[in-house]
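# Structural description and commentary
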Amino acid sequence: TERQNVQHIPETLPVIPLRNSVFFPRQVLPLSIGRESSLLGVEAATRENSQILVLSQRESGVDNPEASDLYPVGTVAKILKLFTLPDGSKSVLLQGLYRARLVTFVQREPFIRVAAQRINDELVEGLDVEGLITAVKTVFHRVVELSPDLSEEHLSILLNMEDAGGVADIAASLVSVPVHEKQDILEMLNVKARLEKNHLTLSKLAQRLEIGSKIRSDVQ
């Protein structure tokens, strides 16, 4: 069975433009805030008790992104905590909730606020989806064994995840691949296609890590 997309009414949300990364639903991320406008957006969301939309930038060097500088699909997040670091800079702890599509800019100053529409996963069920979940977990296990950036903690987060969309999102959020590849995965609403793409990305990464580890042991 495939669940059809429900049309949601657009909501107005402050935006955090994200450089060099993509933020996924279900991900929990501490984010240091460099831009004054992003801080004002976070403070407004905290004050209004609203959520915030995280959109990735196409080019990391752009300081004041326009609509065309941002990918159109991002993640609506809940602000868990805003804290001040010892050097005076601010950091925010975010929890990803669901995907949303940018509809239009509502304001640019003093921070970006947009109208965004929630988009739902297209859920596909069946034995092949179960098989894909297992395959993604297996190859992710291999990547964790080989990668210095990932820990047993990351592995247990993924292994304890049951639903197909969550497995795909968490796996994608944890591996270091280029932003445009992560964004492609974020924009895939069909959960089976997202799992397949993840499996391919993880398999390639595992191959690269295996070659690297073989070269290192040959050198030694």
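Note that this is a predicted model, so its numbers are computed, not measured.

Our focus in this paragraph is the environment of Gly165. Mapped onto the elements, Gly165 comes out in helix H4 (residues 164-174). Taking the relative accessible area as the measure of exposure, Gly165 reaches 2% and is therefore buried. Beyond its immediate chain neighbours, meaning those up to four positions away, Gly165 contacts Arg26, Asp121, Val191 and Arg194.

Our focus in this paragraph is the nonpolar core. Core analysis: the biggest nonpolar cluster contains 24 residues, and Phe140, Val167, Leu195 and Leu202 have the highest contact counts within it. Mapped onto this core, the elements with two or more residues apiece are helix H2 (127-146), helix H3 (152-159), H4 and helix H6 (191-219). With eight residues, H2 is the largest single contributor of residues to this core. Not counting residues within four places of it along the chain, the set of residues in contact with Leu202 comprises Val136, Val139, Phe140, Val143, Ala171 and Val175. Listed in part, the 15 residues of the second largest apolar core include Leu29, Leu31, Ala45 and Val92.

We now examine H6. Counted at 1.5 Å a residue, the expected span for H6 with its 29 residues is 42 Å, and the 42 Å between its end C-alpha atoms agrees. If you check which residues of H6 are buried, you get Val191, Arg194, Leu195, Asn198, Thr201, Leu202, Leu205 and Ala206. Contacts made by the buried residues of H6 are with strand E5 (90-107), H2, H4 and helix H5 (179-186). Its side-chain oxygen at 3.0 Å from the backbone nitrogen of Lys192, Asn190 defines the N-terminal cap of H6.

According to the stated counting rule, one finds 13 salt bridges in the structure shown. Note that Arg99 and Asp169 form a salt bridge whose closest N and O atoms lie 2.7 Å from each other. Here Arg99, found in strand E5, pairs with Asp169, found in helix H4; they are 70 residues apart in sequence, far enough to count as distant. With respect to burial, Arg99 and Asp169 carry one shared label: buried. A salt bridge links Glu210 to Arg142; the nearest nitrogen and oxygen atoms lie 2.7 Å apart.

Now for the layout of surface pockets. Looking at the largest pocket, its volume works out to about 220 Å³. Every residue lining the largest pocket is counted, 13 residues in all, and those nearest its centre are Pro17, Leu18, Arg19, Leu31 and Ser32. Elements with a minimum of two residues in the lining of the largest pocket: strand E1 (11-18) and strand E2 (28-33). If one sorts the elements of the lining of the largest pocket by residue count, E2 sits on top with five residues. Per-class residue counts for the lining of the largest pocket are seven nonpolar, four polar and two charged. Counted as a void, the second largest pocket has a volume near 180 Å³. Forming the walls of the second largest pocket are Leu123, Val124, Glu125, Gly126, Val129, Glu130, Ile133, Glu162, Asp163, Ala164, Gly165 and Val191.

Moving on to the confidence of the model for the protein. Taken as a whole, the protein shows an average pLDDT of 89; of its residues, 97% reach a score of 70 or greater. Considering each helix and strand of the protein separately, the mean pLDDT is smallest for H6, with a value of 89, and largest for strand E3 (residues 52-56), with 96.

The next thing to look at is the pairing of E3. Across the five residues that make up E3, a large majority, five, are buried. Relative to E3, E1 runs parallel, the two being bridged by four bridges. In the strand pairing of E3, Pro17 is matched with Leu55. In this sheet, strand E4 (residues 73-84) lies alongside E3 in antiparallel orientation, the contact comprising three bridges. Along E4, the bridge assignment pairs Ile52 with Ala77.

Cut-offs used in this document
Residues numbered from 1 in each chain as written. Predicted model: local features only at pLDDT ≥ 70, side-chain atom pairs only at ≥ 80, totals over all residues. Heavy atoms only, no water. Helix = DSSP H or I, 4+ residues; strand = E, 2+ residues; numbered from the N terminus. Buried < 20%, exposed > 50% of the residue type's maximum accessible area, 1.4 Å probe, protein only. Contact = heavy atoms within 4.5 Å. Core = buried A, V, L, I, M, F, W, Y, C linked by side-chain atoms within 4.5 Å. Expected span 1.5 Å × (residues − 1). Polar contact = N/O pair within 3.5 Å; in protein donor to acceptor, adjacent residues only side chain to side chain. Salt bridge = Lys/Arg side-chain N within 4 Å of Asp/Glu carboxyl O. 1 Å grid on protein atoms, 1.4 Å probe; cavity = no way out; pocket = protein on both sides within 12 Å on 5 of 7 lines; lining within 4 Å. Points joined across faces, edges and corners; volume = space filled by probe spheres on them. Nonpolar A, V, L, I, M, F, W, Y, C, P; charged D, E, K, R; others polar. pLDDT = per-residue confidence, 0-100. Pairing = 2+ DSSP bridges.

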